[in-house]
Amino acid sequence: MYTEAAAARLLGVAQNTLNYWLEGGERRGKVYRPVIRVEPRGDRAAVTWGEFLEAGLLREYRRRNVPMLELRDFIDKVRDRYGVPYPLADRRPYVSGRELLVKLQNDSGLAADFCLIALVRDQPVLTSVADSFVQRVTWDGDLAAEWRPHNDQLSPVRMDPKVRFGLPAIGGVRTEILWEHSESGETDEDIAAEFDMPVDSVRWALAYETSARAA
């Protein structure tokens with residue numbers, strides 16, 4: 001569980017944007033239901049791991065102003081078919097359920113920019129949005145066990161809800177802790193020796209923290 005503010009920071013999106021995805025809201029005199037949650041929970045409710053992951057998918061869209069009605073309808077349909085609360089944080093739709101997603105996208109009137117599956121020579125393939133999300137996740141069967149917060153695909157930095165309260169870590173050590181040691185003047189080699197980890201791991205942690213703080 002993350003606070004809404006912490007989840008927004010870790011995802012690299014504005015908190016108001018994340019709140020809109022989670023809770024819905026009013027825009028131009030029209031009330032929209034949430035995209036991620038079945039019903040709004042109010043009072044800046046804590047963000048679950050499944051909610052965090054689905055928000056991680058939405059952040060892959062270049063346009064953060066997602067089409068609430070169509071996307072909500074699409075996710076509802078996928079949720080009903082798979083019988084899980086957060087179907088887009090499940091591996092099955094992206095692997096064995098591609099044909100189903102194509103049908104549900106069409107049924108919901110989802111614009112091409114927001115589709116997860118595209119037809120290429122009549123074959124269903126992941127769009128760049130879906131592929132980027134799937135590549136960020138470490139899957140344990142069909143369940144999302146870890147998520148990579150770093151944009152660099154080679155980065156070993158991971159978030160695991162069972163490790164360090166789900167905060168970005170490497171080798172079981174929070175990246176923020178390694179950053180603080182670096183800021184205090186310690187060399188990469190000193191930090192590596194202190195935490196008994198490779199120097200490359202320290203450098204990856206610092207690279208992630210640098211990019212996250214710049215964002």
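Residues numbered from 1 in each chain as written. Predicted model: local features only at pLDDT ≥ 70, side-chain atom pairs only at ≥ 80, totals over all residues. Heavy atoms only, no water.

Draft legend 1. Seen up close, the overall build of the protein chain. In terms of regular secondary structure, the protein chain is built from ten helices and eight strands. The C-alpha radius of gyration computed for the protein chain amounts to 19 Å, which stays within 12% of the reference 17 Å derived for 215 residues, consistent with globular compactness. Along the longest, intermediate and shortest principal axes, the C-alpha atoms of the protein chain span 55 × 40 × 25 Å. Sorting the 215 residues of the protein chain into buried and exposed places 48% on the buried side. Residue pairs at least 24 apart in sequence account for 52% of intrachain contacts in the protein chain once pairs closer than 6 positions are excluded. (Helix = DSSP H or I, 4+ residues; strand = E, 2+ residues; numbered from the N terminus. Rg over C-alpha atoms; globule rule 2.2 N^0.38 Å. Buried < 20%, exposed > 50% of the residue type's maximum accessible area, 1.4 Å probe, protein only. Contact = heavy atoms within 4.5 Å.)

Draft legend 2. Region of the structure containing the nonpolar core. Core analysis: the biggest nonpolar cluster contains 63 residues, and L18, F52, L71, F74, Y94, L116 and W147 have the highest contact counts within it. Among residues more than four places away in sequence, those in contact with F52 are Y2, A7, L10, L11, V47, W147 and M159. (Core = buried A, V, L, I, M, F, W, Y, C linked by side-chain atoms within 4.5 Å.)

Draft legend 3. Fine view of the packing of aromatic side chains. One pass over the structure, following the stated rule, counts five aromatic pairs. Between F52 and W147, the aromatic rings sit 5.3 Å apart at their centres with planes inclined by 90°, giving edge-to-face as the arrangement. Of this pair, F52 sits in helix α3 (residues 49-58) while W147 sits in strand β6 (residues 143-147), and the two are 95 residues apart along the sequence. (Phe/Tyr/Trp six-rings, centres within 6.5 Å; stacked < 30°, edge-to-face > 60°.)

Draft legend 4. Highlighting the side chain of D160. Within the secondary structure, D160 is located in the loop between β6 and β7 (169-170). D160 sits in the buried class, given a relative accessible area of 11%. Non-local contacts of D160, meaning those with residues more than four positions away in its chain, are made with A145, E146 and G166.

Draft legend 5. Here's a closer look at the pattern of salt bridges. Within this structure, the stated rule accounts for 17 salt bridges. Here E51 ties to R37 by a salt bridge, and the two come within 2.9 Å at their closest N and O atoms. Of the two residues, E51 is situated in helix α3 and R37 in the loop between β2 (30-32) and α3; the sequence distance between them amounts to 14 residues. Residue K103 pairs with D107 through a salt bridge whose shortest N-O separation is 2.7 Å. (Salt bridge = Lys/Arg side-chain N within 4 Å of Asp/Glu carboxyl O.)

Draft legend 6. Just the pairing of strand β4 (residues 123-126), in detail. Alternating positions in β4 separate cleanly, P124 and L126 being buried on one face and Q123 and V125 remaining unburied on the opposite face. Bridge analysis of strand β3 (residues 117-120) against β4 gives four bridges, and the strand direction is antiparallel. If you follow I117 over to β4, its bridge partner there is L126. Connecting β3 to the antiparallel partner β4 that follows it, the hairpin turn spans two residues, and R121 within it adopts a positive phi of roughly 55°. (Pairing = 2+ DSSP bridges.)

Draft legend 7. Fine view of the pairing of strand β5 (residues 137-140). A one-sided burial pattern is seen for β5, the buried positions being V137 and W139 and the unburied ones T138 and D140. Where β5 lies against β6, four bridges are found, and the strand directions are antiparallel. Among the inter-strand pairings, W139 is bridged to a residue of β6, identified as A144.

Draft legend 8. Looking closely at the packing of helix α1 (residues 4-11) against helix α2 (residues 15-23). Their axes nearest at 9 Å, the elements α1 and α2 cross at an angle of 110°. Comparing their axes, α2 and α1 come out roughly perpendicular. Between α1 and α2 the crossing geometry is right-handed. Residues E4, A5, A7, A8 and L11 of α1 lie in contact with α2, whose contacting residues are Q15, L18, N19 and L22. Counted by class, the contact of α1 with α2 contains six nonpolar, two polar and one charged residues. (Axes fitted to C-alpha atoms, helices over the stretch in contact; angles between N-to-C directions. Parallel < 35°, antiparallel > 145°, perpendicular 65-115°, else oblique. Left-handed = near helix turned anticlockwise from the far one by under 90°. Nonpolar A, V, L, I, M, F, W, Y, C, P; charged D, E, K, R; others polar.)

Draft legend 9. Molecular detail of the packing of helix α8 (residues 175-183) against helix α9 (residues 188-195). Two elements in contact, α8 and α9, have axes separated by 10 Å at closest approach and are oriented at 135°. The pairing of α8 with α9 is recorded here as oblique in orientation. For the pair α8 and α9, the crossing hand works out as right-handed. Where α8 approaches α9, its residues I177, L178, H181 and S182 are matched on the opposing element by I191, E194 and F195.

Draft legend 10. Representation of unusual backbone geometry in the model. For R44, which is not glycine, the phi torsion reads 50° and is therefore positive. Mapped onto the elements of the fold, R44 is located in the loop between β2 and α3. The backbone of F165 shows a phi angle near 60°, a positive value even though the residue is not glycine. Among the structural elements, F165 can be located in the loop between β6 and β7.

Draft legend 11. View of α2. Inspection of α2 places L18, N19, Y20, W21, L22 and E23 among the buried residues, and these make up the whole buried set. Just downstream of α2 lies G24, where phi reads positive at about 75°.

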